[in-house]
Amino acid sequence: GGADHRAAEGRLMGNLVWIFFSAMVINNFTLMLFLGLCAFIGVSNRLETAVRLGLADLFVLTMTAVSVWALNRFVLGATPYLRIIAFIVVIASLVQIVEMVIKKTSPALFRALGIYLPLITTNCAVLALAVFQTNRGYGLVEALVFALGGGLGLLLALALMASIREAAELADVPSIARGTALVMLIASGLSLAFMGFAGLMSGE
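Residues numbered from 1 in each chain as written. Predicted model: local features only at pLDDT ≥ 70, side-chain atom pairs only at ≥ 80, totals over all residues. Heavy atoms only, no water.

J.: How should the nonpolar core be read in this particular structure?
T.: As a rule of thumb, soluble globular proteins bury nonpolar side chains together. Core analysis: the biggest nonpolar cluster contains 30 residues, and Phe-29, Ile-102, Leu-113, Ile-120, Leu-129 and Phe-146 have the highest contact counts within it. Listed by contribution, the elements that provide at least two residues to this core are helix 1 (2-26), helix 3 (47-75), helix 4 (83-105), helix 5 (107-113), helix 6 (124-135) and helix 7 (140-169). (Core = buried A, V, L, I, M, F, W, Y, C linked by side-chain atoms within 4.5 Å. Buried < 20%, exposed > 50% of the residue type's maximum accessible area, 1.4 Å probe, protein only. Helix = DSSP H or I, 4+ residues; strand = E, 2+ residues; numbered from the N terminus.)

Here you go:
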């Protein structure tokens, strides 16, 4: 009995590690699934701003995971056709709370994020988290691990993009490749780099 219990715990822990690593790197919402590109392109010109938006995304994703689990478990069992509407309402409410907190505690950050903060409401990565979590039948712990992995993946993508863009400002970049063209080249390079982890998906 003890050996079987330890084996079961080991399988559970391995599954959680895989969910986390897969969401963060292998199936990164932005660089692999191309979700949430609006904020990825628009707020990644400064590292500090990008990191703070990434943290806001992480918070919203985590709270969304808990809310979606509760909705699926206690509310939407008999009315699955209402799921998308319910998910959007929950996400919009959470973003409104984040927006009010940031406006109160850090007006400078609120101005720096501009329109991209309320756009978390329509960030398809957040809705995708809710849909993936539901379709995969994740429990509460699995949902939290999935949200943390996905949120840290978004944060990683934003931080990488912002740090490269800041460094590129000091480089001698040809005029034809500046601006939007350079941003697209950096994003493409990051995406290709992350595709190197795709071979690990065979273990999923």
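Now that the structure has been shown, the text picks up again.
J.: Looking at this model, I keep getting lost on a nonpolar patch on the surface. Mind explaining?
T.: A cluster of nonpolar side chains, contributed by Phe-34, Leu-37, Leu-192 and Met-195, occupies part of the molecular surface with about 390 Å² of accessible area. Looking at where Met-195 falls in the secondary structure, it is placed in the segment after helix 8 (180-194). (Patch = residues over 30% accessible without salt bridge, like charges linked within 9 Å, V, L, I, M, F, W, Y side chains within 5 Å. Areas by Shrake-Rupley, 256 points an atom, 1.4 Å probe, with all protein chains shown as cover. Salt bridge = Lys/Arg side-chain N within 4 Å of Asp/Glu carboxyl O.)

J.: Looking at this structure, I do not really get the pattern of salt bridges. What am I missing?
T.: Here the idea is simple: oppositely charged side chains can pair when their charged atoms come close. A complete count under the given rule lists two salt bridges for this structure. Taking the shortest distance from any N to any O, the salt bridge between Glu-169 and Arg-46 comes out at 2.9 Å. One end of the pair, Glu-169, is in helix 7; the other, Arg-46, is in the loop between helix 2 (37-42) and helix 3, and 123 residues separate them in sequence. Of the charged contacts, one joins Arg-52 and Glu-48 as a salt bridge, the two residues approaching to 3.0 Å between their closest N and O atoms. Of this pair, Arg-52 and Glu-48 are both found in helix 3, four residues apart, which corresponds to roughly one turn of the helix.

J.: Honestly, the environment of Leu-148 in this entry has me stumped. Any pointers?
T.: Relative to the helices and strands, Leu-148 is located in helix 7. Judged by its relative accessible area of 38%, Leu-148 falls in the partly exposed class. The spatial distance from the C-alpha of Leu-148 to the C-alpha of Leu-61 is 7.5 Å, given a sequence separation of 87 residues. Ignoring anything within four residues of it in the chain, the contact list for Leu-148 reads Phe-20, Leu-58 and Thr-62. (Contact = heavy atoms within 4.5 Å.)

J.: Hey, could you run me through the packing of helix 7 against helix 8 in this one?
T.: When two helices pack together, their arrangement is captured by the angle between the axes and the distance separating the axes. It is the contact of helix 7 with helix 8, at a shortest axis distance of 10 Å, that shows an interaxial angle of 135°. Taken as axis vectors, helix 7 and helix 8 run oblique relative to one another. Considering the relative orientation of helix 7 and helix 8, their crossing is right-handed. Across the interface between the two elements, Leu-156, Leu-160, Met-161, Ile-164, Arg-165 and Ala-168 of helix 7 pack against Leu-182, Val-183, Ile-186, Ala-187, Leu-190 and Phe-194 of helix 8. (Axes fitted to C-alpha atoms, helices over the stretch in contact; angles between N-to-C directions. Parallel < 35°, antiparallel > 145°, perpendicular 65-115°, else oblique. Left-handed = near helix turned anticlockwise from the far one by under 90°.)

By themselves, these observations are geometric and do not establish any function.
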